[in-house]
Amino acid sequence: MTSRKTYHHGDLRQSVLAAALDVITAEGPGALSLRDLARRAGVSHAAPAHHFKDRAGLLTAIAAEGYDLLAAALAGTPELRERGVRYVRFATDHPAHFQVMFQPELLRTDDPELVAAKERASAELRAGVADLPDVPDARAAGIAAWSLAHGFATLLLTRNITAALGDQGPEEYFRSLTGLLFTSQLATEQRN
């Protein structure tokens with residue numbers, strides 16, 4: 001009679017997610033393999049499929065988690081510029097989530113958890129524009145603000161503006177950048 005040891009993994013779902021985030025940070029989402037993640041977690045190659053079904057399911061779970069983290073990062077910050085700073089901070093603190101969240105071709109975009117998390121993050125993004133005075137088109141202002149923060153974060157993560165920052169940290173540079181743009185806009189409006 002042989003005795004079989006059963007292997008119990010404490011929290012396989014979180015272990016696989018953590019390993020996936022490490023791979024994405026180092027190599028990008030294209031490098032993900034459930035078989036490789038199972039090996040890293042020390043479980044059978046079929047075990048991750050129990051939680052995620054397939055690669056798209058895993059990436060969808062990462063994106064949903066990312067949107068929840070983004071919503072939490074933005075919550076409680078009334079001033080639009082500081083919401084932008086928090087957006088940039090989120091991107092630099094969670095680069096793997098950030099990479100996956102905005103690639104819908106990798107995700108199950110109709111996943112209920114993803115849809116709900118995206119709505120929470122969108123509501124927080126919209127809240128930053130809601131209190132702006134004299135904004136004729138809040139939707140357009142929201143898109144402009146998001147574009148600035150997202151573009152800056154993307155350029156930062158892809159190391160396209162590292163030299164331009166000089167000695168300033170990314171958050172302080174973003175504050176300066178938005179100040180420059182808003183000051184220029186106000187000066188133009190006052191001249192007209």
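Higher on the page you've got the structure.
All values derive from a computational prediction rather than experimental measurement. (Residues numbered from 1 in each chain as written. Predicted model: local features only at pLDDT ≥ 70, side-chain atom pairs only at ≥ 80, totals over all residues. Heavy atoms only, no water.)

Chemist: What am I meant to see in the packing of aromatic side chains here?
Modeler: To describe a pair of aromatic rings, you give the distance between the ring centres and the angle between the ring planes. Enumeration over the complete set of coordinates arrives at 6 aromatic pairs. On the basis of an interplanar angle of 75 degrees and a centroid distance of 5.9 Å, the ring pair of tyrosine 67 and phenylalanine 102 is categorised as edge-to-face. Of this pair, tyrosine 67 sits in helix α4 (residues 55-74) while phenylalanine 102 is found in the loop between α6 (95-101) and α7 (112-130), placing the two residues 35 residues apart along the sequence. Seen in terms of ring centroids, phenylalanine 152 and tyrosine 173 are 6.1 Å apart; in terms of plane orientation they differ by 15 degrees. Their pairing is stacked. Placement of the pair is phenylalanine 152 in helix α8 (residues 138-157) and tyrosine 173 in helix α10 (residues 170-191), with a sequence separation of 21 residues. Residue classification places phenylalanine 152 among the buried residues on the basis of a relative accessible area of 5%. A relative accessible area of 24% places tyrosine 173 in the partly exposed class. In textbook terms, an aromatic cluster arises when at least three aromatic residues are bridged by ring pairs, as seen for Tyr67, Tyr87, Phe98, Phe102 and Trp146. (Phe/Tyr/Trp six-rings, centres within 6.5 Å; stacked < 30°, edge-to-face > 60°. Helix = DSSP H or I, 4+ residues; strand = E, 2+ residues; numbered from the N terminus. Buried < 20%, exposed > 50% of the residue type's maximum accessible area, 1.4 Å probe, protein only.)

Chemist: Please explain the environment of tyrosine 67 as it appears in this structure.
Modeler: Given the relative accessible area of 7%, tyrosine 67 is considered buried. Taking the C-alpha atoms as reference points, tyrosine 67 and alanine 116, separated by 49 residues in sequence, lie 9.0 Å from one another.

Chemist: Would you mind showing me how to read the packing of helix α1 (residues 12-27) against helix α2 (residues 34-41) here?
Modeler: Packing of α1 against α2 leaves a shortest axis separation of 9 Å and a crossing angle of 115 degrees. In this structure, the crossing between α1 and α2 has a hand that is right-handed. Contact residues: α1 offers Leu12, Val16, Ala19, Ala20, Val23 and Glu27, while α2 offers Asp36, Leu37, Arg40 and Ala41. Taken together, the residues of the contact of α1 with α2 break down into 7 nonpolar, no polar and 3 charged. (Axes fitted to C-alpha atoms, helices over the stretch in contact; angles between N-to-C directions. Left-handed = near helix turned anticlockwise from the far one by under 90°. Contact = heavy atoms within 4.5 Å. Nonpolar A, V, L, I, M, F, W, Y, C, P; charged D, E, K, R; others polar.)

Chemist: Looking at this structure, how should I read the side chain of arginine 83?
Modeler: With respect to the secondary-structure elements, arginine 83 resides in helix α5 (residues 80-93). Filtering out sequence-adjacent residues up to four positions away, arginine 83 remains in contact with Leu74, Thr77, Pro78, Glu124, Ala127 and Gly128.

Chemist: Help me understand the nonpolar core in this model?
Modeler: Inside soluble globular proteins, nonpolar side chains tend to come together where they are buried. Ranked by internal contacts, the top residues of the largest apolar core, which has 47 residues, are Leu32, Leu37, Leu58, Leu59 and Ile62. Of all elements in the fold, only α1, α2, α3 (47-52), α4, α5, α6, α7 and α8 reach the threshold of two or more residues within this core. Setting aside its immediate chain neighbours within four residues, leucine 37 contacts Val16, Ala19, Ala20, Val23, Leu32 and Leu58. (Core = buried A, V, L, I, M, F, W, Y, C linked by side-chain atoms within 4.5 Å.)

Chemist: When you look at unusual backbone geometry in this model, what are you seeing that I'm missing?
Modeler: For residues other than glycine, phi is negative in most cases, and the peptide bonds are mostly trans. Residues other than glycine seldom take positive phi values, yet lysine 53 does so here, at roughly 70 degrees. Topologically, lysine 53 is positioned in the loop between α3 and α4. Of note, the phi angle at arginine 159 is positive, near 60 degrees, even though the residue is not glycine. Its location among the elements puts arginine 159 in the loop between α8 and α9 (162-165).

Chemist: How should the pattern of salt bridges be read in this particular structure?
Modeler: Side chains that carry opposite charge are capable of pairing whenever their charged atoms lie near each other. Summed over all chains, the structure comprises 9 salt bridges. The partner of aspartate 36 in a salt bridge is arginine 39, and the shortest N-O contact between them spans 2.5 Å. Placement of the pair is aspartate 36 and arginine 39 together in helix α2, with a separation of 3 residues, close to one helical turn. Since its relative accessible area comes to 57%, arginine 39 is described here as exposed. Each member of the salt-bridge network shares a partner with another, and the members are Asp36, Arg39 and Arg40. (Salt bridge = Lys/Arg side-chain N within 4 Å of Asp/Glu carboxyl O.)

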